[in-house]
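# Geometric and topological summary
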Amino acid sequence: MPLPYAEAVRLVEEEAQCQRQHKPSPSESCSIYNACDRVVSTTIYSPISTPQYDTSAMDGFALSAAATENASAETPVIFEVTATTTAGDKPHSTVDDLRDGVPPCLEIMTGAPFPLGLDRDWYDCCVPVEDVVVTENKFSTRRYIAVSKPARHFQHRRFAGGDFRKRDVIIEAGESVLPQHVMAMASVGLTHVPVLRRPRVAIFSTGCELLSPDALSKPHDFMIHDANGPYLTTMLRRRGVDVDFRGVLRDSPETMQDAISTALDKSRPYTVESSYKRAFAVQWHEGFSAIIPQKPRHIPTGHIDAE
């Protein structure tokens, strides 16, 4: 005797849980350019710390905050600009001596590295370009800035590892990739991500009253156009499912059994859905399926688990 619909669904869910626990989900490598909305199969960790060095958060001048302690509008502190560092340059690596009693500073652009080594204690902060007055000696082309208020220690300085440290989690296994995950992975040099294969779903519209999508004319005026098949197909594709619409089936158990058997691919099976007024409980016994027409079932529109 065929199984009741509810019991068949319970058995299918039970088998799915068993396979999830004992069989690894098929995975494939995906370019981060195509990874949005895909489900990652393993947790992704950052392979590096980023940024990999201290950088400036502003266009301005790297200098000693301590040297500006007494700066004011009436008595600004003067610094000489001794070099310029832009994003992509190697860090400035020497401490510049005072010339004519004027302390040095380094012009630094957003994203440029702060000086390394002993220079860290001198060039410890960045004063934005809009907070200084720049002057130039016309005879020597030497440039100077005037700082009129005290700077804070480490102000406008992004520290190495401030975004990610090595082995920080970027995305957990089972999560869907979002644009911000793509940005994070790209920032640490990842170009591909392991993802679960997309679920495959075969959809049939069932009913003797339905017209096939390619029907040129109605056999009679009491037939209707299929709407649920196109709806379910587009809805599932929008959620990242690999969907194959298999057409309209007549209300015949033999027709339905043949169609479902044809749709099932042993190498990579489908989940088979009926899209119109009937749902089917399928009980398999050594290749035989008992298909039981049921009353209409609610079609869920919430989250679809890609596993």
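Not measured: the values here are computed from a predicted model. (Residues numbered from 1 in each chain as written. Predicted model: local features only at pLDDT ≥ 70, side-chain atom pairs only at ≥ 80, totals over all residues. Heavy atoms only, no water.)

## Examining the nonpolar core
Membership of the largest hydrophobic core comes to 16 residues, with the highest contact counts inside it found for Ile44, Ile170, Ile171, Val177, Met185, Leu190 and Val193. Where this core is concerned, the elements lending two or more residues are β11 (169-171), α3 (179-187) and β12 (192-196). For this core, the leading source of residues is α3, giving three residues. When near neighbours in sequence (up to four residues on either side) are disregarded, Leu190 contacts Ile32, Ile44, Tyr45, Pro47, Ile170 and Met185. Grouped together as the second largest cluster of nonpolar side chains are 14 residues, Phe61, Ala65, Val77 and Val147 included. (Core = buried A, V, L, I, M, F, W, Y, C linked by side-chain atoms within 4.5 Å. Buried < 20%, exposed > 50% of the residue type's maximum accessible area, 1.4 Å probe, protein only. Helix = DSSP H or I, 4+ residues; strand = E, 2+ residues; numbered from the N terminus. Contact = heavy atoms within 4.5 Å.)

## Here we look at the packing of aromatic side chains
Per the counting criterion, the structure on display carries one aromatic pair. Aromatic side chains Phe154 and Phe159 sit 5.1 Å apart centroid to centroid with 85° between the ring planes, which places their arrangement in the edge-to-face category. Given a relative accessible area of 27%, Phe154 falls into the partly exposed group. By relative accessible area, which is 34% here, Phe159 ends up partly exposed. The ring of Phe114 is capped by Arg157, whose NZ or CZ atom sits 4.1 Å from the centre of that ring. The cationic tip of Arg167 hangs over the ring face of Tyr45; the distance from NZ or CZ to the ring centre is 4.0 Å. (Phe/Tyr/Trp six-rings, centres within 6.5 Å; stacked < 30°, edge-to-face > 60°. Lys NZ or Arg CZ within 6 Å of the ring centre and 35° of its normal.)

## Some thoughts on the pairing of strand β4 (residues 60-63)
By the bridge criterion, three bridges tie β4 to strand β6 (residues 104-108) in an arrangement that is antiparallel. Across the sheet, residue Gly60 finds its bridge partner in β6, namely Ile108. Bridge count for β4 against strand β7 (residues 125-128) is four bridges, and the pairing is antiparallel. Within β7, the residue paired with Phe61 across the bridge is Val127. (Pairing = 2+ DSSP bridges.)

## Some remarks on the pattern of salt bridges
Pairs may arise between side chains of opposite charge once their charged atoms sit close together. In this structure the tally under the stated criterion is nine salt bridges. With a shortest N-O distance of 2.6 Å, Arg143 and Glu107 are connected by a salt bridge. Separated by 36 residues along the polypeptide, Arg143 in strand β9 (residues 143-147) and Glu107 in strand β6 bring together distant segments of the chain. The class of Arg143 is partly exposed, set by a relative accessible area of 24%. The network of salt bridges with shared partners includes Glu7, Arg10 and Glu14. (Salt bridge = Lys/Arg side-chain N within 4 Å of Asp/Glu carboxyl O.)

## Quick look at unusual backbone geometry
In this model, Thr50 is joined to Pro51 through a cis peptide bond whose omega is -5°. In this structure, Phe154 is a non-glycine residue whose phi angle is positive, near 65°. Counting through the fold element by element, Phe154 comes out in the loop between β9 and β10 (157-158). Non-glycine residue His156 carries a positive phi angle of around 55°. With respect to the element layout, His156 can be found in the loop between β9 and β10.

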